[in-house]
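Fold and geometry: a report
Given next are the chains, with one letter for each unit.
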Amino acid sequence: MGSKFSKIGFVLAVAGSAVGLGNAWKFPTLVGQNGGSAFVLLYLVLTLGVAFVIFLAELSIGKLSEKDPVNGYKTLAPTNKKTWSMAGFTMLGAILIVSFYSLVIGWVVKYMYFSATGNLSQTLEESEKQFTNLLLNDFLSQFICFSLIFLIVFYVVSKGVKNGIERLNVWMMPTLFILLILMLFYALSHTNGFSEALQFLFVPDFSKISGTSILEALALAFFSLSLGVGTIITYSASLPDKTNFITSTLNIILINILIGLMMGLIVFTFIFEFGANPNQAGPGLIFISLTTLFAKLGIVGYILGATFFLSLIFAGITSAISMIEPFAFYLINTFKMSRKNALILIGLIVYILGNLCILSTLSITEFKILGMSFFDVLDYISGKIIMPLGGILAAIFVGFVMKKKALEILFEPYMSGVFFKVWYFFLRFIAPLAVIIIVINAFK
Ligand code: PHE
């Protein structure tokens, strides 16, 4: 990959990848749908017990091979190199994700524009109309906003790991954090809503936990930490030597959780302050309920809305770039392509898929595959099939196939022997089993 990240660059870039629409959009929505605090607790337990464990496995593959996912598996497999290298192709899941993910960031751009120009609707019905109108009828806006995000994302990746990805993350992530703190302070001034939000998120009510919410929480933990699609393997290939990657990983996971919770507090403060329903299907919570509340606050709401959507754009862009880098790195390594040519090829695929997503929900060109819009198909295949598969393969590979000695040498400077044993046990038996349960559920 040429140059490596700096120490702080690595933490910020991986945190930038992890923190995204998953935290800002999926997390509050799922928390709302699954009754609040008990779901939050589940998510935390699964993040630490399963996602963290697989995260370290993917990091080991990247760090020890210093290669892209396909060549990484190939290099580290003691036998059956060709077969194992296939596991690396789960990175193509990230290409599917970035195609619809960039479109969602595009919607956020449009909403930032609505906020900045004072064009949010005052009633829930009108807000809903505004949102469905964007998806059903407004090809031009979606096309322009998607293309804009597409260009920014590919431009950053074209500059490489250090000059593009690191540079962007180093200012975007702290800015995101500051924007969130400011919004949190504003939320704090709404004491009633804020205390209800606190209670909703943090005082557990176990009666609300069901089998499906456990699975939702596990899938979210995966998505949120960018697991299973080669991102962590690829970024770890540029992990600087002698970095205590255990503390780095813990920092990343902490930042990821913290930002999810901050987003949750901000969103639910307003939801409760104005008596809206926290349980909403699909994109309703952010694009419909929250925007209506912003509109009710008048000028302050518009500023708040624009700030909120800007922070989502930042969070989304730093994640989107991390979805492209694995495949680009693979093409560069394997076919000796220039970065530019690799990105032209990937760009073509993403641009076509992204536009198909737009067309798939427009009322005049709507098309469905097996009853789902093309957008939902990409989301389903990547989230419910490829990500869990990529996670299981990484766990099995590192837990059973790779030489234990190499891992011990890698971990020894930063982890006590006991901790290593616990991690290794979780990696071999707990994590793959938990993930298999998600997959089985997806096909039920
Ligand atoms: N973790 C990102 C988010 O929460 C999504 C992501 C998935 C990023 C896969 C990279 C790879 O939004």
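Worth saying up front: this structure is predicted, and the values here are computed from it rather than measured.

1. Digging into the overall build of the protein chain
- In terms of regular secondary structure, the protein chain is built from 19 helices and two strands.
- Taken over the C-alpha trace, the protein chain has a radius of gyration of 21 Å; the compact-globule value for 444 residues is 22 Å, and the two agree within 12%.
- Overall, the C-alpha framework of the protein chain stretches about 60 × 45 × 45 Å when taken along its three principal axes.
- Scored against the burial criterion, the 444 residues of the protein chain give a buried share of 59%.
- Within the protein chain, contacts between residues separated by at least 24 positions form 82% of all contacts whose residues are at least 6 apart in sequence.

2. What about the packing of helix α6 (residues 92–116) against helix α17 (residues 374–401)?
- Where α6 contacts α17, the axes come no closer than 9 Å and their chain directions differ by 135°. On the basis of the axis angle, α6 is oblique to α17. Pair α6 / α17 crosses with left-handed handedness. Taken together, the residues of α17 that come into contact with α6 (itself represented by G93, L96, I97, S99, F100, L103, V104 and W107) are F375, L378, D379, I381, S382, I386 and M387.
- For the contact of α6 with α17, the class distribution of residues is eleven nonpolar, three polar and one charged.

3. Topic: the site of the ligand
- Lining the immediate surroundings of the ligand are 16 residues, of which A18, L21, G22, Y101 and F223 lie closest.
- Within the contact set of the ligand, a nitrogen atom lies 3.2 Å away from a backbone nitrogen or oxygen of S17.
- G22 is positioned with one of its backbone polar atoms (N or O) 2.8 Å from an oxygen atom of the ligand.
- Relative to its unbound accessible area of 330 Å², the ligand is 100% covered by the protein chains.
- Structurally, the ligand is housed in the largest cavity.
- Listing elements by their share of the shell around the ligand, those giving two or more residues are α1 (7–18), α2 (21–33), α11 (211–224) and α15 (299–335).
- Considered class by class, the residues forming the shell around the ligand number seven nonpolar, nine polar and no charged.

4. A few points about the packing of helix α9 (residues 160–188) against helix α13 (residues 245–273)
- Taken N-terminus to C-terminus, the directions of α9 and α13 make an angle of 35°; their axes are 10 Å apart at the nearest point. Once α9 is placed against α13, the crossing between them reads as left-handed. Only L258, I259, M262, M263, L265, I266, T269 and F270 of α13 make contact with α9, whose side of the interface consists of L176, F177, L180, I181, M183, L184, Y186 and A187.

5. Digging into the pattern of salt bridges
- Considering all chains together, one arrives at seven salt bridges under this definition.
- Note that E66 is salt-bridged to K4, the shortest N-O span being 2.8 Å. With E66 in the loop between α3 (37–65) and α4 (69–76) and K4 in the segment before α1, this pair connects stretches of sequence that are 62 residues apart.
- Given the relative accessible area of 35%, E66 is considered partly exposed.
- A relative accessible area of 26% places K4 in the partly exposed class.
- Taking the shortest distance from any N to any O, the salt bridge between R339 and E325 comes out at 3.0 Å.

6. A word on the environment of T234
- Inspection of the secondary structure puts T234 in helix α12 (residues 231–236).
- Between the C-alpha atoms of T234 and M91, which are 143 residues apart in sequence, the distance is 9.5 Å.
- Within the local environment of T234, its side chain forms a polar contact with the backbone oxygen of G230, the two atoms lying 2.7 Å apart.

7. Details of a nonpolar patch on the surface
- Together, F177, I181, F185, L188 and L258 line one region of the surface with nonpolar side chains, adding up to about 430 Å² of accessible area.
- A per-element tally of the nonpolar patch places α9 first, with four residues.
- Mapped onto the secondary structure, F185 falls in helix α9.
- The exposure class assigned to F185 is exposed, which follows from its relative accessible area of 56%.

8. Things to note about the nonpolar core
- Judged by nonpolar contacts, the single largest core of 163 residues is most densely connected at F308, F411 and W423.
- For this core, the element with the most residues is α15, which contributes 17 residues.

About the cut-offs
- Residues numbered from 1 in each chain as written.
- Predicted model: local features only at pLDDT ≥ 70, side-chain atom pairs only at ≥ 80, totals over all residues.
- Heavy atoms only, no water.
- Helix = DSSP H or I, 4+ residues; strand = E, 2+ residues; numbered from the N terminus.
- Rg over C-alpha atoms; globule rule 2.2 N^0.38 Å.
- Buried < 20%, exposed > 50% of the residue type's maximum accessible area, 1.4 Å probe, protein only.
- Contact = heavy atoms within 4.5 Å.
- Axes fitted to C-alpha atoms, helices over the stretch in contact; angles between N-to-C directions.
- Parallel < 35°, antiparallel > 145°, perpendicular 65-115°, else oblique.
- Left-handed = near helix turned anticlockwise from the far one by under 90°.
- Nonpolar A, V, L, I, M, F, W, Y, C, P; charged D, E, K, R; others polar.
- Near = heavy atom within 4 Å.
- Polar contact = N/O pair within 3.5 Å; in protein donor to acceptor, adjacent residues only side chain to side chain.
- Areas by Shrake-Rupley, 256 points an atom, 1.4 Å probe, with all protein chains shown as cover.
- 1 Å grid on protein atoms, 1.4 Å probe; cavity = no way out; pocket = protein on both sides within 12 Å on 5 of 7 lines; lining within 4 Å.
- Sits in = over half its atoms within 2 Å of the grid points.
- Salt bridge = Lys/Arg side-chain N within 4 Å of Asp/Glu carboxyl O.
- Patch = residues over 30% accessible without salt bridge, like charges linked within 9 Å, V, L, I, M, F, W, Y side chains within 5 Å.
- Core = buried A, V, L, I, M, F, W, Y, C linked by side-chain atoms within 4.5 Å.

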